[in-house]
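Summary of the model geometry
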Amino acid sequence: MTDSAGERSTGWAGGRNAFGDFAPGLVHYTDRVLFDEVWERDGLSKRDRSLITVAALTAMGRTDQLRFHLDFARQNGVADDELEEALLHLAFYAGWPNGTGATTVLKNIVERDDP
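These remarks concern the structure in this document. (Residues numbered from 1 in each chain as written. Predicted model: local features only at pLDDT ≥ 70, side-chain atom pairs only at ≥ 80, totals over all residues. Heavy atoms only, no water.)

**Quick word on the overall build of the protein chain**
Looking only at helices and strands, the protein chain features 6 helices and 0 strands. Counting only C-alpha atoms, the protein chain reaches 45 × 30 × 30 Å along its principal axes. Counting all 115 residues of the protein chain, 30% fall into the buried class. If you sum the accessible surface of the protein chain, you get close to 7200 Å²; carbon and sulfur atoms cover 55% of it. Placing the 12 positive and 19 negative side-chain charges of the protein chain at their respective mean positions leaves the two points 3 Å apart. (Helix = DSSP H or I, 4+ residues; strand = E, 2+ residues; numbered from the N terminus. Buried < 20%, exposed > 50% of the residue type's maximum accessible area, 1.4 Å probe, protein only. Areas by Shrake-Rupley, 256 points an atom, 1.4 Å probe, with all protein chains shown as cover. Lys, Arg positive; Asp, Glu negative; His and termini not counted. Charge placed at Lys NZ, Arg CZ, Asp CG, Glu CD.)

Spelled out as structure tokens, the structure:
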């Protein structure tokens, strides 16, 4: 698929949805470079990329970004119990507050999706 500028695209529009026309550079790099190029590389599966991203965001205490990436990890095949275990493991390496903060985000996502 190509976008309106003729660039290869997976159809990802998260940056566009978040920022519209406000920050065109950020939109471009988010949608076209990060998600259309980096996330589509063959070197790692999307599942592995998700686990790495969750680990990095947890270590930095970025719960705002974890809301998206924990859910995205689930879409990429990471089971809830695997995410729980990864966050417990990370709590020891990235700090207890970061681990518990990330686990709270995951808990909210899981409870949101449970009927």
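**Comments concerning the packing of aromatic side chains**
The relation between two aromatic rings is expressed through the spacing of the ring centres and the mutual angle of the planes. Enumeration according to the criterion identifies 9 aromatic pairs in this entry. Relative to Phe35, the ring of Trp12 has its centre 4.1 Å away and its plane inclined at 20°; by these criteria the two rings are stacked. Of this pair, Trp12 sits in the segment before helix 1 (14–19) while Phe35 sits in helix 2 (residues 24–38), and the two are 23 residues apart along the sequence. Residue class for Phe35 comes out buried when judged on its relative accessible area of 7%. Ring plane angle 70° and centroid distance 5.7 Å describe the contact between Trp12 and Phe68, whose orientation is recorded as edge-to-face. (Phe/Tyr/Trp six-rings, centres within 6.5 Å; stacked < 30°, edge-to-face > 60°.)

**Considerations on a nonpolar patch on the surface**
Taken together, Leu88, Phe92, Tyr93 and Trp96 make up a surface patch of nonpolar side chains, about 550 Å² in accessible area. Ranked by the residues each element gives to the nonpolar patch, the list is headed by helix 5 (residues 80–94), at 3 residues. By secondary structure assignment, the location of Leu88 is in helix 5. (Patch = residues over 30% accessible without salt bridge, like charges linked within 9 Å, V, L, I, M, F, W, Y side chains within 5 Å. Salt bridge = Lys/Arg side-chain N within 4 Å of Asp/Glu carboxyl O.)

**Topic: the nonpolar core**
Among soluble globular proteins, nonpolar side chains are generally buried collectively. One finds Val54, Leu66, Leu70, Leu83, Leu87 and Leu106 to be the most contacted residues of the largest nonpolar core, which totals 14 residues. A total of 5 residues in this core trace back to one element, the largest contributor, which is helix 6 (residues 96–113). Once residues within four sequence positions are removed from consideration, Leu83 is found in contact with Leu51, Leu70, Ala73, Arg74, Val78 and Leu106. (Core = buried A, V, L, I, M, F, W, Y, C linked by side-chain atoms within 4.5 Å. Contact = heavy atoms within 4.5 Å.)

**Quick word on the packing of helix 3 (residues 46–60) against helix 6**
Axis separation between helix 3 and helix 6 bottoms out at 8 Å; the angle between their running directions is 125°. Between helix 3 and helix 6, the angle falls in the class oblique. For helix 3 against helix 6, the interelement crossing comes out right-handed. For the pair formed by helix 3 and helix 6, the contact residues are Thr58, Ala59 and Met60 on the first element and Asn98, Gly99 and Ala102 on the second. Along the lines of polarity and charge, the residues of the contact of helix 3 with helix 6 split into 3 nonpolar, 3 polar and no charged. (Axes fitted to C-alpha atoms, helices over the stretch in contact; angles between N-to-C directions. Parallel < 35°, antiparallel > 145°, perpendicular 65-115°, else oblique. Left-handed = near helix turned anticlockwise from the far one by under 90°. Nonpolar A, V, L, I, M, F, W, Y, C, P; charged D, E, K, R; others polar.)

**Observations concerning the environment of Val78**
Following the sequence through the fold, Val78 ends up in the loop between helix 4 (63–75) and helix 5. Spatially, the C-alpha atoms of Val78 and Arg47 are 6.3 Å apart, while their sequence positions differ by 31 residues. Ignoring anything within four residues of it in the chain, the contact list for Val78 reads Arg47, Leu51, Ala73 and Leu83.

**Regarding helix 5**
Between its first and last C-alpha atoms helix 5 spans 20 Å; for 15 residues at 1.5 Å apiece the expected length is 21 Å, and the two agree. Those residues of helix 5 not exposed but buried are Leu83, Leu87, Leu90, Ala91 and Ala94. Seen from one end, helix 5 has its buried residues packed into an arc of 115°, which puts them on one side. Opposite its buried face, helix 5 presents the exposed residues Asp81, Glu85, Phe92 and Tyr93, each directed more than 90 degrees away. Close packing links the buried residues of helix 5 with helix 3, helix 4 and helix 6. Once helix 5 finishes, Gly95 follows within two positions and takes phi at roughly 105°, a positive value. (Expected span 1.5 Å × (residues − 1). Arc of directions from axis to C-beta.)

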